[in-house]
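Summary of structural features
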Amino acid sequence: MASGIQAQESAKPAKRANRLLEEVVVTAQKREENSQDVPITMAAIGGQKLEAFGIEDTADLQKITPGLTFTEQYGYTLIYLRGVGSEAFLPNAEPSVATYIDNINIAGSHGKQDAIGPVERIEVLKGPQGTLYGRAATGGAISIVSKSLPTEGYSAELTLNSGNYNAQHILAYGDAALTENLAASVSYYHDEHDNYGEQILYGVIQDTEQEYSKSLRAKVRYFLGDYVTLTGIAQQSDQLIGESLRNENIRPAGLAIGKAPDEPDRIYKNNVEGLVASESHLYGFIADLAAGPVDLKFIYSDQESNVDNRLGAHTDFDGTEEERTSFHTYDEPTFQKTYELQITSNADTWLSEDLSWVAGLYHLEAGGGFDRIFFHVSGATAIGSVLDVVPEALRGTLGNLINDNKVILESGGNITIESDSIYAQGNYFLTKDITATVGLRYQEETRGLVRNYLDVVPGSPDISYFRGDDRSQNINVANFSVPDISDESLAPRFALQWFPTESIQLFTSLSRAFKSQTYNILNFFSAPDAVDKSTTTAFEIGFKSDLFDETVRLNGAIFKSITEKPIASVVSLSSGGVVRFFNAGESQTEGAELDALVQPMPNLNPGLAINMGAAYIDAVYTDYQDGSGFDEDTGLFYGPGSTTQMPGRDFTGHKIARTPRFSSNVSVNQFISFGKWGDIELAVDYAFKSEFYLSSAQNPNSKQDQYELWSGRVSYNYEPWGLSLTGYVNNAKDERYFVQLLENDYGIQANYGAPKLYGLKLKLAY
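Calculation notes
Residues numbered from 1 in each chain as written. Predicted model: local features only at pLDDT ≥ 70, side-chain atom pairs only at ≥ 80, totals over all residues. Heavy atoms only, no water. pLDDT = per-residue confidence, 0-100. Contact = heavy atoms within 4.5 Å. Pairing = 2+ DSSP bridges. Helix = DSSP H or I, 4+ residues; strand = E, 2+ residues; numbered from the N terminus. Salt bridge = Lys/Arg side-chain N within 4 Å of Asp/Glu carboxyl O. Buried < 20%, exposed > 50% of the residue type's maximum accessible area, 1.4 Å probe, protein only. Patch = residues over 30% accessible without salt bridge, like charges linked within 9 Å, V, L, I, M, F, W, Y side chains within 5 Å. Areas by Shrake-Rupley, 256 points an atom, 1.4 Å probe, with all protein chains shown as cover. Polar contact = N/O pair within 3.5 Å; in protein donor to acceptor, adjacent residues only side chain to side chain. Core = buried A, V, L, I, M, F, W, Y, C linked by side-chain atoms within 4.5 Å. 1 Å grid on protein atoms, 1.4 Å probe; cavity = no way out; pocket = protein on both sides within 12 Å on 5 of 7 lines; lining within 4 Å. Points joined across faces, edges and corners; volume = space filled by probe spheres on them. Nonpolar A, V, L, I, M, F, W, Y, C, P; charged D, E, K, R; others polar. Axes fitted to C-alpha atoms, helices over the stretch in contact; angles between N-to-C directions. Phe/Tyr/Trp six-rings, centres within 6.5 Å; stacked < 30°, edge-to-face > 60°. Parallel < 35°, antiparallel > 145°, perpendicular 65-115°, else oblique.

Points about the confidence of the model for the protein
Low pLDDT marks stretches whose predicted atomic positions should not be read closely. Of the residues in the protein, 97% reach a pLDDT of 70 or more, and the chain-wide mean stands at 90. Contacts from residues 1-16, a stretch scored under 50 in pLDDT, to residues over four places away or in other chains number 70 contacts.

Re the pairing of strand S23 (residues 334-345)
Examined bridge by bridge, strand S20 (residues 294-307) and S23 share 12 bridges and lie antiparallel to one another. Paired with Tyr300 across the bridge in S23 is Tyr339. Bridge count for S23 against strand S24 (residues 355-378) is 11 bridges, and the pairing is antiparallel. Counted as the bridge partner of Thr334 is Gly368 from S24.

What to know about the pattern of salt bridges
It is possible for side chains of opposite charge to pair when their charged atoms get near one another. Applying the stated rule across the entire model yields 37 salt bridges. The partner of Asp371 in a salt bridge is Arg451, and the shortest N-O contact between them spans 3.7 Å. Linking Asp371 in strand S24 with Arg451 in strand S26 (residues 434-457), this pair joins segments that are 80 residues apart in sequence. By relative accessible area, which is 21% here, Asp371 ends up partly exposed. Two residues, Arg471 and Asp455, come together in a salt bridge whose shortest N-O distance is 2.7 Å. Residue Arg471 is located in the loop between helix H5 (463-467) and strand S27 (475-480), and its partner Asp455 is located in strand S26; the two are separated by 16 residues in the primary sequence. Residue class for Asp455 comes out buried when judged on its relative accessible area of 1%. Here the residues in one salt-bridge network are Arg19, Glu51, Glu157, Glu681 and Lys763, joined through shared partners.

Quick word on a nonpolar patch on the surface
Where nonpolar side chains cluster on the molecular surface, the patch consists of Leu158, Leu160, Ile170, Val186, Tyr188, Leu216 and Leu764 and spans about 550 Å² of accessible area. At the level of elements, strand S10 (154-163) and strand S12 (182-193) are the ones that each hand at least two residues to the nonpolar patch. Here Leu764 shows up in strand S48 (residues 757-765). Using a relative accessible area of 38% as the deciding quantity, one classes Leu764 as partly exposed.

Considerations on the side chain of Glu123
Inspection of the secondary structure assignment puts Glu123 in strand S8 (residues 119-126). Looking at Glu123, its side chain comes within polar contact range of the main-chain nitrogen of Thr27, at 3.0 Å. Side-chain polar atoms of Glu123 contact the backbone nitrogen of Ala28, separated by 3.4 Å.

Details of the nonpolar core
One finds Phe375, Leu398, Leu409, Phe524 and Phe525 to be the most contacted residues of the largest nonpolar core, which totals 53 residues. No other element matches S24, which puts seven residues into this core. Counting 29 residues, the second-largest nonpolar core is a separate cluster that includes Leu20, Ile101, Ile233 and Leu597.

Focus on the layout of surface pockets
Computed from the structure, the largest pocket encloses a volume of approximately 1000 Å³. The wall of the largest pocket is formed by 32 residues, among which Thr27, Glu32, Asn103, Asp288 and Lys297 lie closest to the centre. In terms of residues, the lining of the largest pocket owes the most to one element, strand S19 (residues 275-291), which gives four residues. Classifying every residue of the lining of the largest pocket by side-chain character gives nine nonpolar, 12 polar and 11 charged.

Description of the sheet that holds strand S18 (residues 267-270)
Read across the sheet, three strands follow the order S14-S13-S18 without closing on themselves; strand pairing throughout is mixed. The two strands at the open ends of the sheet, each matched to only one other strand, are strand S14 (204-206) and S18. In this sheet, adjacent strand axes meet at a mean angle of 35° when their direction is disregarded. For strand S13 (residues 198-201) and S14, the ladder comprises three bridges, and the chain directions are antiparallel. By the bridge assignment for S14, Leu201 is matched with Val204.

Some points on the sheet that holds strand S7 (residues 104-105)
The strand order across the open sheet formed by five strands is S3-S8-S9-S6-S7, and the pairing between neighbours is mixed. The sheet is open, and its two borders are formed by strand S3 (42-46) and S7, each paired with just one other strand. Here two bridges tie strand S6 (residues 97-101) to S7, and the two strands are oriented antiparallel to one another. Within S7, the position partnered with Ile101 by the bridge is Ile104.

Overview of empty space enclosed by the protein
Of the pockets and cavities examined, the second largest cavity occupies roughly 410 Å³. Surrounding the second largest cavity, 29 residues form its lining, Met42, Ala43, Ala44, Lys49 and Asp595 being those nearest its centre. The biggest single contributor to the lining of the second largest cavity is strand S36 (residues 586-598), with five residues. For the lining of the second largest cavity, the class distribution of residues is 13 nonpolar, eight polar and eight charged.

Looking at the packing of aromatic side chains
Enumeration according to the criterion identifies 22 aromatic pairs in this entry. With centroids separated by 5.1 Å and ring planes inclined at 85°, the aromatic side chains of Tyr718 and Trp721 adopt a geometry described as edge-to-face. Exposure remark for Trp721: the relative accessible area of 62% places this residue in the exposed category. Consider the rings of Phe738 and Tyr752, whose centres lie 5.1 Å apart with planes at 5°: the pair is stacked. Of this pair, Phe738 sits in strand S46 (residues 738-744) while Tyr752 is found in strand S47 (residues 747-752), placing the two residues 14 residues apart along the sequence. The exposure class of Phe738 is buried, given its relative accessible area of 14%. On the basis of relative accessibility, which here comes to 10%, the residue Tyr752 falls in the buried class. Ring pairs connect the aromatic residues Tyr74, Tyr76, Phe89 and Phe581, which therefore count as one cluster.

With respect to the packing of helix H3 (residues 380-389) against helix H4 (residues 392-401)
One can describe the packing of H3 onto H4 by two numbers: an axis separation of 8 Å at closest approach and a directional angle of 155°. Considering their axes alone, H3 and H4 lie roughly antiparallel with respect to each other. Where H3 abuts H4, its residues Val386, Leu387 and Asp388 lie against Arg395, Leu398 and Gly399. Among the residues forming the contact of H3 with H4, the class breakdown is three nonpolar, one polar and two charged.

As structure tokens, then:
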């Protein structure tokens, strides 16, 4: 989850004394450019700026990027950007904002597998990025670039952080030019803290597992002659998270009708301790050839992740102290291999004075799902709900296997993916001030579903039975088989930019991206149905400017996007699938953004900088008929497949989930130099989000009220020793806001984001 995002760069001249004022070179168009010269709305944040903001987790980016929202669902991260996102989660679902580290796409899994140590920069690209970033970039893309390796000398840094909730953070990093041609770096990251609340199981307060995230990463670069650069990357990550798997049932309904509500107070009254422990590895290889009239880059990656077989993944589905329903699994694998060949023009390319371009081939092999997942169901009401959704042909068989109103069901299902695409994008210089951009990506993809079944596990086997591959005690109820599904997609991009002056850019763009089709895999009771692909097309007009002798940077944009067949989800026993994804008809987003970086007194007080941003987003479903959800009064499920025979409802006009209409941020940073005695840096941050719903059903009981977050930092820096000592407080007012608010057959279950956190951080850099 945590990213350990920190870096060290050379000091700026007096006018640029504050770290917020650094210039950032980006690779949003697969070549190095100043962020102000790219016709894409983005937040480009260098290493110094990240540290000045106190950003240590990619989820923290929403505090300084209006229009960006991170929430969670059973341990999976759901990202919405400019109102474009997806309610779908699980291994068979793709995110709507693609994440890249060093040009390698990061496969979706629990949490965020991006604990990499020091970084050079982070780029948050807004709007569809399907042409250059491919699948799953309908809302945008987040590109993380790790710290570059030195060509000579070496450097090292150590960060120690201690805070409340027994929080401990360690980041150790070292790099060196080992020979004239060889350089390497190693980083180790470890973060841990106690549960932010109390877990009560069967009325007894429990000592819960401490949450942690740790990662070991190595990078090696070798110059093979004058024109070839070889880079190898290896990373191992482990984490345990529980925040969105420990549930407070704050509004019991449906199958939990009559149960007293659990006050939303971070005291979790369950009969199962919610957590997921996972481990992952990533191997990457990059070869750069810079000779001749074009530059060549080959990128290979191999990623695998799974839940820890010792601890697994567990959640109390009903969110109560009673033994009703729960899930657990010890085998939830995902894998992804990618191969990319990229060709980029350079100064020696034919027509380079008029045209720059990039083209490439991309191949992906991936998959994910559940080898074995177990569903514990207890009580006549819950058992009856299960039997009601079982097809008639299986109902009698399953009913005969259920004893004492208690049953353990087992299912499995893994998605397989194979995809090939070709892309190209060129910038044609119509005049010295006007540039036109045209790009296109063509993709073919095939998805399949394997090992999809329903078993009953009789009795109460030893825990080792659930952890292994042996299904000999199981009674098979059904096996499901579906055909592979194939599809072709086109993702174009058109942009026009004009520089009326050297410091002002005006641009407009039309772009498209898509989320691939898939199958539902947690169907349990019936053959899995397919979910169509989702396509987002966006139009944007924007500007970028550096004004008043570069003391004011002002950027803004207005935009509109249309998503065809957006993907929604419902978590319900009564749906026939437990977790079921489906397509709405259409959604539409309109909005405007403005961000500014101001040095208000460049001569009198060059160390003062103010960063501000605001976004207005009107995001609604323009066609969403026959929607599924839970009645706000009874909590009963309605929609297709409902056992209550309650018809679906028309959600047309409903607001898109997880998208506040207004969001804003202000950061004030004051740098004060005391000469040989060192420097002081003072920072105060404010972030605001207006109210929003956490489901497309727009149930008034699942609404996040508007909230604001205050944070602050005081740092002392002594450059001769490479010393930095920082005291910090995050969420200073201890604001309560939901990181998860979900509806299921048992009511509405809530999980809060982090409370007030404070501590002291020591950094030594050489």
